[in-house]
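Fold and contact review
Each chain is listed here by its residues.
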There are 2 protein chains.
Amino acid sequence: MHHRLKQSGLKVRFCTNESQKSVGELVRLLRQLGFDISEGEVTSPAPATCQILKERGLRPYLLIHDSVRSEFDQIDTSNPNCVVIAEAGEGFSYQNVNDAFRVLMKLENPVLISLGNGRYYKETSGLMLDVGAYMKALEYASGVKAEVVGKPSPEFFKSALRAIGVEAHQGPECILVCGAHKLAQTGIAAPGSCTPPGLRTTWPRLATALAYSFLGLYRHRFIVRNHNCCGERLF
Amino acid sequence: MHHRLKQSGLKVRFCTNESQKSVGELVRLLRQLGFDISEGEVTSPAPATCQILKERGLRPYLLIHDSVRSEFDQIDTSNPNCVVIAEAGEGFSYQNVNDAFRVLMKLENPVLISLGNGRYYKETSGLMLDVGAYMKALEYASGVKAEVVGKPSPEFFKSALRAIGVEAHQGPECILVCGAHKLAQTGIAAPGSCTPPGLRTTWPRLATALAYSFLGLYRHRFIVRNHNCCGERLF
């Protein structure tokens, strides 16, 4: 099915909000599931954030999962002048969240970057709080509005488009394969009792959903213009 | 100073948002600091919440500090049909917050009660996230709006007024001694770099602030009508 997508001649980019796995881990998992995909074809929040940090000279306090810490290897984290928050799971201890809060409160121009704004997702063990919940906690306590890197941020979609050499206004000419949220809305994925927004599924389930999605592809027409993933069937 | 307040003949009620100490502990601490105060003179969120839980037949999942758990001794917590959140400190682990979230998500008519909505407070070790931050996290993730028991909820002030036999419209005839927030706004307390809203100080500091406040008392005129503690000097 992925093969069929590639044969279409359309430009393809994998665009994910996953921030608990490195791009390497993610690609390995998708390859195991039969996807012909390389790291260079993925737009994910951690590398996009690193780019922003470098451009703006920001040194983050990282409230993130240990498994994505390697993505920030090239980033100076000494004497933090911003906070980066991602899906940290058990890393969302009171101590860690409080430490992030204190960093924000001591800054004259506080910056809070959140890798996505999902509400929750589903694991085999049940529903799990996503990064958006802790983003809201920090926003409320510190009075700082977070900058979201990831879907549905238009900047994130734009960076995915740029990666395949397409300008935003050329959106209809390309395909961005999005995650489970859109698939769930369209009824392709069957994520149990979960409801959008912010829905995520387990990776095996998402991979299945993606596989199904290739049978009924979506063309993302207005991605950048209206911030929504307005899907339109191609086949 | 407290003596002078009592001599004024005005009805006095101590009204606190403290939800990390039991009323007993709080009163012991204030007595040690020289305040002539009994448990019966305090309105605090935990007993007010117990009253609500009983009235509405609610069985809470308690996301609270261990030191106030005894306040809920008489409450049935089996098979929860609501969540009660208070200042839990280290109790705000990912696991605990997620468990509270799951309770909300499985309920047909979810109820989230928050003992206050403070943003942060100050301990000797530094700024600490207050219950309001986690209330916002749960609100965002679950889509459930919290009911706040504590200041600035008008119901909370009304219950304090009722406790001294005063109707809400008689507000100007009574005194409610409020916490550090108002004192900080008026410049009586000097909480360092903290700024309202949501400010709290350590208890010794609050006690000092309260002591100072008795030198320049505040009459809370419009407590219930406009939800604000509009202070007016009596002496």
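Preceding block: the structure.
Structure report, in brief. (Residues numbered from 1 in each chain as written. Chains lettered and ligands numbered in written order. Predicted model: local features only at pLDDT ≥ 70, side-chain atom pairs only at ≥ 80, totals over all residues. Heavy atoms only, no water.)

**Remarks on the overall build of chain A**
A tally of helices and strands in chain A yields nine helices and nine strands. Among the 235 residues that make up chain A, the fraction classed as buried is 55%. In chain A, of all internal contacts separated by at least 6 residues, the share reaching a separation of at least 24 is 64%. As presented, chain A carries roughly 10200 Å² of accessible surface, and 48% of it is formed by carbon and sulfur atoms. (Helix = DSSP H or I, 4+ residues; strand = E, 2+ residues; numbered from the N terminus. Buried < 20%, exposed > 50% of the residue type's maximum accessible area, 1.4 Å probe, protein only. Contact = heavy atoms within 4.5 Å. Areas by Shrake-Rupley, 256 points an atom, 1.4 Å probe, with all protein chains shown as cover.)

**A word on the pairing of strand 6 (residues 120–123) of chain B**
Residue and element names in this part refer to chain B. Bridge count between strand 6 and strand 7 (residues 126–129): four bridges; the pairing is antiparallel. In the strand pairing of strand 7, Y121 is matched with M128. Taken together, strand 6 and the strand that follows it, strand 7, pair antiparallel across an intervening segment of two residues. (Pairing = 2+ DSSP bridges.)

**Overview of the pattern of salt bridges**
Residues and elements named next belong to chain B. Evaluated as defined, the whole model comprises eight salt bridges over all chains. For R69, the salt bridge is made with D66, and the minimal N-O distance between the two is 3.2 Å. Owing to a relative accessible area of 60%, D66 belongs among the exposed residues under this scheme. Measuring nitrogen to oxygen at the nearest pair gives 3.6 Å for the salt bridge that ties K136 to E139. Pair noted here: K136 and E139 are both in helix 5 (residues 131–142), with a separation of three residues, about one helical turn. (Salt bridge = Lys/Arg side-chain N within 4 Å of Asp/Glu carboxyl O.)

**Topic: the sheet that holds strand 8 (residues 147–148) of chain B**
Residue and element names in this part refer to chain B. The parallel open sheet is built from four strands, whose spatial order is 3-4-5-8. Among the strands making up the open sheet, the edge pair consists of strand 3 (60–63) and strand 8. Judged from the four bridges that link them, strand 3 and strand 4 (residues 82–85) form a sheet pairing that is parallel. The residue of strand 4 that forms the bridge with P60 is C82. Against the sheet, helix 4 (residues 94–106) engages strand 3, strand 4 and strand 5 (112–114), with an angle of about 160° to strand 3. (Axes fitted to C-alpha atoms, helices over the stretch in contact; angles between N-to-C directions.)

**A few points about the packing of helix 5 (residues 131–142) of chain A against helix 5 of chain B**
Helix 5 of chain B packs onto helix 5 of chain A with a crossing angle of 140° between their chain directions and a minimal axis gap of 7 Å. In this view, helix 5 of chain A runs oblique relative to helix 5 of chain B, as classed from their interaxial angle. In terms of crossing hand, the pair formed by helix 5 of chain A and helix 5 of chain B is right-handed. In this structure, helix 5 of chain A contributes G132, A133, Y134, K136, A137, Y140 and A141 of chain A to the contact, and helix 5 of chain B contributes G132, A133, Y134, K136, A137, Y140 and A141 of chain B. A breakdown of the residues in the contact of helix 5 of chain A with helix 5 of chain B according to their chemical character gives ten nonpolar, two polar and two charged. (Parallel < 35°, antiparallel > 145°, perpendicular 65-115°, else oblique. Left-handed = near helix turned anticlockwise from the far one by under 90°. Nonpolar A, V, L, I, M, F, W, Y, C, P; charged D, E, K, R; others polar.)

**Considering the interface of chain A and chain B**
Counting from both sides, the interface comprises 28 residues of chain A and, opposite them, 28 residues of chain B. Summing both partners gives a buried area of about 2700 Å² for chain A against chain B, and 62% of it is carried by carbon and sulfur. Taken together, chain A and chain B are joined by zero salt bridges. Along the contact surface separating chain A from chain B lie 14 residue pairs in polar contact (both at pLDDT 80 or more). Secondary structure elements with two or more residues in the side of chain A that touches chain B: helix 4 (94–106), strand 6 (120–123), strand 7 (126–129) and helix 5 of chain A. Grouping the amino acids of the side of chain A that touches chain B by side-chain chemistry returns 15 nonpolar, nine polar and four charged. (Buried area = accessible area lost by both parts, 1.4 Å probe. Polar contact = N/O pair within 3.5 Å; in protein donor to acceptor, adjacent residues only side chain to side chain.)

**Examining the sheet that holds strand 8 (residues 147–148) of chain A**
Residue and element names in this part refer to chain A. Here we have four strands laid out as an open sheet, ordered 3-4-5-8, and parallel in their pairing. The two strands at the open ends of the sheet, each matched to only one other strand, are strand 3 (60–63) and strand 8. Each of strand 3, strand 4 (82–85) and strand 5 (112–114) is contacted by helix 4, which is oriented at about 160° to strand 3, the strand it contacts most.

**What about the packing of aromatic side chains?**
Tallying each qualifying case throughout the model produces nine aromatic pairs over all chains. Their ring planes at 50° and their centres at 5.4 Å tell us that Y120 of chain A and F101 of chain B sit as a pair that is tilted. In this pair, Y120 of chain A sits in strand 6 while F101 of chain B sits in helix 4, so the two residues belong to two different chains. As far as the burial class goes, Y120 of chain A and F101 of chain B line up, both buried. Clustering of aromatic rings is evident, with ring pairs tying together F92, Y94 and Y134 of chain A together with F92, Y94 and Y134 of chain B. Across the ring face of Y140 of chain B, the terminal group of R119 of chain A is positioned such that the distance to the ring centre comes to 4.4 Å. (Phe/Tyr/Trp six-rings, centres within 6.5 Å; stacked < 30°, edge-to-face > 60°. Lys NZ or Arg CZ within 6 Å of the ring centre and 35° of its normal.)

**Side note on unusual backbone geometry**
Residues and elements named next belong to chain A. Even without glycine at this site, N79 takes up a positive phi of about 40°. When you line up the elements, N79 lands in the loop between strand 3 and strand 4. The exposure class of N79 is exposed, given its relative accessible area of 55%.

**Focus: the relation of the copies chain A and chain B**
The transformation that overlays chain A on chain B combines an axial shift of 0.0 Å with a rotation of 180°, and the residual RMSD is 0.1 Å. Interpreted geometrically, this transformation is the action of a two-fold axis. In this assembly the copies share their binding face: 100% of the residues contributing to the interface of chain A also contribute to that of chain B. (Least-squares fit on C-alpha atoms with pLDDT ≥ 70 in both.)

**So, helix 5 of chain B**
All names here are of chain B. With twelve residues, helix 5 ought to run about 16 Å at 1.5 Å a step, and its terminal C-alpha atoms sit 16 Å apart, in line with that. The buried fraction of helix 5 amounts to eleven of the twelve residues, a majority that puts the element mostly inside the structure. Of all the positions in helix 5, only V131, G132, A133, Y134, M135, A137, L138, E139, Y140, A141 and S142 are classed as buried. Positioned one or two residues after helix 5, G143 has a phi angle of 75°, which is positive. (Expected span 1.5 Å × (residues − 1).)

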